[in-house]
Amino acid sequence: MQVGGGRKKIRIGDLLVEAGAITAEELGEAIEYQKENGGKLGNIIMELGFISQELLITVLTTQMGIDYIEIKACKLDKEILNLVPEAMVNKYKAVPICYDDMNPNVLKVAMADPMDLDAIDDIGIATNTQVEPLLALEDDIIEVIGKHYGDSQAREAAELFRKEMESKGVYDTDEDAINEDIENSPVVLIVKQILEGGVRQRASDIHIEPLENSVRVRYRIDGALREVMNYDYSLLSAISARIKIIGGMDIAEKRKPQDGRITIIVDRREFDVRVSILPTVYGEKTVMRLTSKDGLTKPKSALGLDQEELKVFDGILSNPHGIILVTGPTGSGKSTTLYTSLSELNTEDVNIITVEDPVEANIEGINQVQVNVKAELTFAAALRSILRQDPDIIMIGEIRDGETAKIAVQAAITGHLVVSTLHTNSAASTVTRIIDMGIEPYVAGDALVGVIAQRLVRRLCNNCKAPRLAEPEEKKVLGLPEDEEDVVIYEPVGCPLCGDCGYAGRIGVYEMMPISKELQAVISKGATADVIEKQALSEGMLTLKMGAAKHVLNGITSLSEMKKIVYTTGDEY
């Protein structure tokens, strides 16, 4: 079917109703939502849960007689991308992909709405070709536009700003002159692009670092830092000043570290950005931590737990009182597990109060308290007040000292469920850490009901991972007999879909230790971490190493990712 043949505009919603994929009522509801919030209709129908992504693609490609393209998996040529003006690409959410192999006058274009005849006409006129529309998901197109067009836009803005400053005779030392120009300058666009690029490339942190002669921008994606941009050093002051303005910091203060907070909306999703600025020898370094407002409250199924682990997790959460601890280093997913646990426990008949520094995500129906040291509202002070607020469940962002630990234990023993985090290497060493904080062993044994130690490993990209047979030494690392035959493991390769790194996304590795009566007795005697771990293993606990090995054997992650877990937990090969 030639889309432009009948020159009749067909709405995607009508096609879906015609095919029986959605009802006319559901279409009406989606159109109302579109009027209020904007966005493409196909996307909205998916967002509202009326149709799955797979079914939407199948119905549209069948009904329209056109092909679907996974645009994120395409290697895009700069020359082809430059055929269509950037304004047109953004207006129509349409990206040129390649010329047709059989006919060089036909340009294949990925479109969020391949029924948009105006877009097809305009792109055809601009490129002097016949346009062959392909269906692509709007979110994927937006991500590709941000990645391929945003960088050049930001670079142009950077160059423009540098030339403006030079023409005015303003150099890096003329802070006041730079500050005056910031609000209306291209720097606004540069900072916007840095933030939006971070969101679209799934970064957890953005680093803006002054080097001797340049400014380097790196994104932490799936736990690894990756350089994405490099700017002229003369832009540093302007970029820092812009971030201070939107982060509510003191623009004149350049000698002290500063913290701020920004809320941004990218592709209709709200993100919380925590900003830290630190003076270094070459100037101020900025690190921004990105958190999606809905990113921390995941369903249990999204944590990466298997059926056996889910059973243990539910068992730990079902305790009416006691302390549940989630442990691991920074960036190991503790907050996500903690918020998921709270969401599970959040019912109408319980009063949940949290003490956090800072509050990372707002959860409906939970009372959240922000620590404020200046106002003398420390973890310990807030906890004392909370105990007078008739709580059923208390969440403490982190147990940092003996005083907080004592109040948490007291709350647990007096009938409350306390959920918190601690920085330790394993589940067993968490118990000894609590005792080191001044809690008597018999009290710790009585108060603790479960410990979950966790790490994150990168998932192998399903599109490009390569299988191979494990070596005898590798079988040993995986806990298998060396004579076991044909053990298949997978290696990262790299493709456009995963940004050529071989990994896409992360999954949790867990070590769950429910405190049984036997374990309680061992802890009460003041046993060492090794003795506690031995008892837990005899009761069926899987260590982090075992959990990671399971992911390697299932083809979810690589052996090199597993080795990071083994090293950080002090396990021996």
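Residues numbered from 1 in each chain as written. Predicted model: local features only at pLDDT ≥ 70, side-chain atom pairs only at ≥ 80, totals over all residues. Heavy atoms only, no water.

Re the overall build of the protein
Looking only at helices and strands, the protein features 23 helices and 18 strands. Computed over the C-alpha atoms, the radius of gyration of the protein is 27 Å, within 12% of the 25 Å expected from 2.2 N^0.38 for a compact globule of 573 residues. Along the three orthogonal principal directions, the C-alpha set of the protein runs to about 80 × 65 × 55 Å. When burial is assessed residue by residue, the protein has 49% of its 573 residues classed as buried. (Helix = DSSP H or I, 4+ residues; strand = E, 2+ residues; numbered from the N terminus. Rg over C-alpha atoms; globule rule 2.2 N^0.38 Å. Buried < 20%, exposed > 50% of the residue type's maximum accessible area, 1.4 Å probe, protein only.)

A closer look at the pattern of salt bridges
Two side chains that carry opposite charge are able to pair once their charged atoms sit near each other. If you walk through the whole model with that rule in mind, you get 20 salt bridges. Salt-bridge contacts for arginine 289 lead to aspartate 205; the nearest nitrogen and oxygen are separated by 3.0 Å. Of this pair, arginine 289 sits in strand β9 (residues 283-292) while aspartate 205 sits in strand β4 (residues 203-210), placing them 84 residues apart in sequence. A relative accessible area of 31% means that arginine 289 is categorised as partly exposed. The class for aspartate 205 is buried, based on a relative accessible area of 6%. Across the pair glutamate 398 and arginine 400 runs a salt bridge whose closest N-O atoms are separated by 3.4 Å. On the basis of relative accessible area, glutamate 398 is assigned to the buried category, the value being 19%. Accessibility expressed as a relative area gives 43% for arginine 400, which makes it partly exposed. If you follow the salt bridges from partner to partner, you end up with Glu209, Arg216, Arg218 and Lys285 in one network. (Salt bridge = Lys/Arg side-chain N within 4 Å of Asp/Glu carboxyl O.)

Describing the sheet that holds strand β7 (residues 258-266)
Taken together, the 6 strands give an open sheet; going across it, the order is β6-β5-β4-β9-β8-β7, and neighbouring strands pair in antiparallel fashion. Since the sheet does not close on itself, it has two edges, and those belong to β6 (224-232) and β7, each with one partner. Averaged over all adjacent pairs, the angle separating strand axes in this sheet is 20°, with direction ignored. Pairing geometry for strand β8 (residues 269-280) and β9, over 10 bridges, is antiparallel. Note on β9: the bridge partner recorded for leucine 278 is lysine 285. (Pairing = 2+ DSSP bridges. Axes fitted to C-alpha atoms, helices over the stretch in contact; angles between N-to-C directions.)

Considerations on the sheet that holds strand β2 (residues 106-111)
Read from one edge of the open sheet, 3 strands run β1-β2-β3, paired in mixed fashion. Of all strands in the sheet, those with a lone pairing partner are β1 (94-99) and β3 (130-135), marking the two edges. Neighbouring strand axes in the sheet, compared pairwise and without regard to direction, differ in orientation by 35° on average. Two elements, β2 and β3, share 6 bridges in a ladder whose sense is parallel. Bridge pairing links lysine 108 to glutamate 132 in β3. Packed on one face of the sheet, helix α8 (residues 138-148) meets β1 and β2 and runs near 80° to β1. (Contact = heavy atoms within 4.5 Å.)

Quick word on helix α22 (residues 544-553)
Of all 10 residues making up α22, 7 are buried, and the element is well covered by its neighbours. For α22, the complete set of buried residues consists of Leu544, Lys545, Gly547, Ala548, Ala549, His551 and Val552. Backbone geometry just after α22 places glycine 555 at a positive phi near 75°.

Here's the deal with the pairing of strand β10 (residues 322-327)
With respect to burial, β10 is a largely interior element, 6 of its 6 residues being buried. Neither face of β10 is left uncovered, since the one carrying Gly322, Ile324 and Val326 and the one carrying Ile323, Leu325 and Thr327 both have all their residues buried. Bridge count for β10 against strand β14 (residues 417-422) is 6 bridges, and the pairing is parallel. Opposite isoleucine 323, over in β14, you have valine 418 as the bridge partner. In terms of strand pairing, β10 meets strand β15 (residues 448-460) through 5 bridges, oriented parallel. Opposite isoleucine 324, over in β15, you have glycine 450 as the bridge partner.

Brief notes about the environment of valine 409
When you line up the elements, valine 409 lands in helix α16 (residues 402-413). Sequence separation between valine 409 and isoleucine 141 is 268 residues; the distance between their C-alpha atoms is 51 Å. Contact partners of valine 409, with chain neighbours within four places excluded, come to Ile323, Ile439, Val443 and Ala447.

So, the side chain of arginine 455
Along the chain, arginine 455 turns up in strand β15. As a buried residue without a salt bridge, arginine 455 has its nearest oppositely charged side chain in glutamate 511, at a separation of 7.6 Å. At 2.8 Å, the side chain of arginine 455 and the backbone oxygen of asparagine 425 are in polar contact. (Lys, Arg positive; Asp, Glu negative; His and termini not counted. Polar contact = N/O pair within 3.5 Å; in protein donor to acceptor, adjacent residues only side chain to side chain.)

Considerations on the packing of aromatic side chains
The geometry of an aromatic ring pair is captured by two quantities: the separation of the ring centres and the angle between the planes. Applying the stated criterion across every chain, the model contains 0 aromatic pairs. Above the ring of tyrosine 503, the side-chain terminus of arginine 458 is found at 4.1 Å from the ring centroid. Geometry around tyrosine 490 places lysine 465 over its ring, the cationic atom sitting 4.8 Å from the centre. (Phe/Tyr/Trp six-rings, centres within 6.5 Å; stacked < 30°, edge-to-face > 60°. Lys NZ or Arg CZ within 6 Å of the ring centre and 35° of its normal.)

As for the nonpolar core
Counting 59 residues, the largest nonpolar core has Ile323, Met513, Ile523, Ile532 and Met562 as the members making the most contacts within it. At 6 residues, α16 tops the list of elements feeding residues into this core. Membership of the second largest hydrophobic core comes to 31 residues, among which are Ile190, Ile208, Ile221 and Tyr231. (Core = buried A, V, L, I, M, F, W, Y, C linked by side-chain atoms within 4.5 Å.)

So, a nonpolar patch on the surface
A cluster of nonpolar side chains, Leu537, Leu542 and Met546, forms an exposed patch at the surface whose accessible area comes to about 220 Å². Topologically, leucine 542 is positioned in the loop between α21 (529-538) and α22. (Patch = residues over 30% accessible without salt bridge, like charges linked within 9 Å, V, L, I, M, F, W, Y side chains within 5 Å. Areas by Shrake-Rupley, 256 points an atom, 1.4 Å probe, with all protein chains shown as cover.)

A short note on the pairing of β6
Two elements, strand β5 (residues 214-221) and β6, share 8 bridges in a ladder whose sense is antiparallel. Considered in β6, the bridge of isoleucine 221 is made with alanine 224. Taking the residues that link successive antiparallel strands as the turn, the β5-β6 hairpin has 2 residues, and the phi of aspartate 222 there is positive, at about 55°.

Section: the environment of glutamate 403
As for its placement among the helices and strands, glutamate 403 is situated in helix α16. Distance from glutamate 403 to glycine 438, taken between C-alpha atoms, is 8.7 Å for residues 35 residues apart in sequence. If sequence neighbours within four positions are ignored, glutamate 403 has contacts with Ala380 and Arg384. At 2.3 Å, the side chain of glutamate 403 and the side chain of arginine 384 are in polar contact.

Just distances and angles here, no functional claims.
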